[in-house]
Amino acid sequence: MAIEIVPEWMLNLDDEDVSFIKKFLLASGSLKEIANQYGVTYPTVRLRLDKLIQKIQISEDTANEPYIALIKRLAVNDKLDFDTAKLLILEYRKTKGEE
């Protein structure tokens, strides 16, 4: 796929995320099959998929609120705890008069 036609949300994914998506598609979306391939439990794969979904949703929000998207991305990637992320977002929205 030419880089010009890669969707914006895909550009923000790590190589590992893209590899996971490929395996997921090749396994016809079977989380059980993916768990077997990675040698982990089903809940571990489900958690990984949920985090990947969050990353994609965050990238969709980036155009509207880049600061909030950054905070959410840091939280999803375990660089910032969720309580601190919520506080930062709340305070940011207060400064913009949204809360």
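Scroll up a little and you will see the structure.
Being a predicted model, the structure only gives us computed values, none of them experimental.

S.K.: Is there a simple way to explain helix α2 (residues 15-26) in this structure?
M.R.: Side chains that are three or four residues apart share a direction in an α-helix, a result of its 3.6 residues per turn. End to end, α2 covers 17 Å across twelve residues, agreeing with the expected 16 Å (1.5 Å per residue, within 8%). Along α2, the positions that sit buried rather than exposed are Asp-17, Phe-20 and Ile-21. Mapping the buried residues of α2 onto a view down its axis gives an arc of 100°, with all of them on the same face. Turned more than 90 degrees off the buried face of α2, the exposed positions are Asp-15, Glu-16, Lys-22 and Leu-26. Two residues or fewer past α2, Ser-28 is found with a positive phi of approximately 55°.

S.K.: Just to check I follow, could you spell out the packing of helix α5 (residues 66-76) against helix α6 (residues 82-95) for this structure?
M.R.: The angle between the axes and the distance between the axes are what describe a pair of packed helices. One can describe the packing of α5 onto α6 by two numbers: an axis separation of 9 Å at closest approach and a directional angle of 175°. Classified by the interaxial angle, the pair formed by α5 and α6 is roughly antiparallel. From α5, Tyr-67, Ile-68, Ile-71, Lys-72, Ala-75 and Val-76 reach across to α6, where they touch Phe-82, Ala-85, Leu-88, Ile-89, Tyr-92 and Arg-93. Of the residues in the contact of α5 with α6, the class split is ten nonpolar, no polar and two charged.

Rules behind the numbers
- Residues numbered from 1 in each chain as written.
- Predicted model: local features only at pLDDT ≥ 70, side-chain atom pairs only at ≥ 80, totals over all residues.
- Heavy atoms only, no water.
- Helix = DSSP H or I, 4+ residues; strand = E, 2+ residues; numbered from the N terminus.
- Expected span 1.5 Å × (residues − 1).
- Buried < 20%, exposed > 50% of the residue type's maximum accessible area, 1.4 Å probe, protein only.
- Arc of directions from axis to C-beta.
- Axes fitted to C-alpha atoms, helices over the stretch in contact; angles between N-to-C directions.
- Parallel < 35°, antiparallel > 145°, perpendicular 65-115°, else oblique.
- Contact = heavy atoms within 4.5 Å.
- Nonpolar A, V, L, I, M, F, W, Y, C, P; charged D, E, K, R; others polar.

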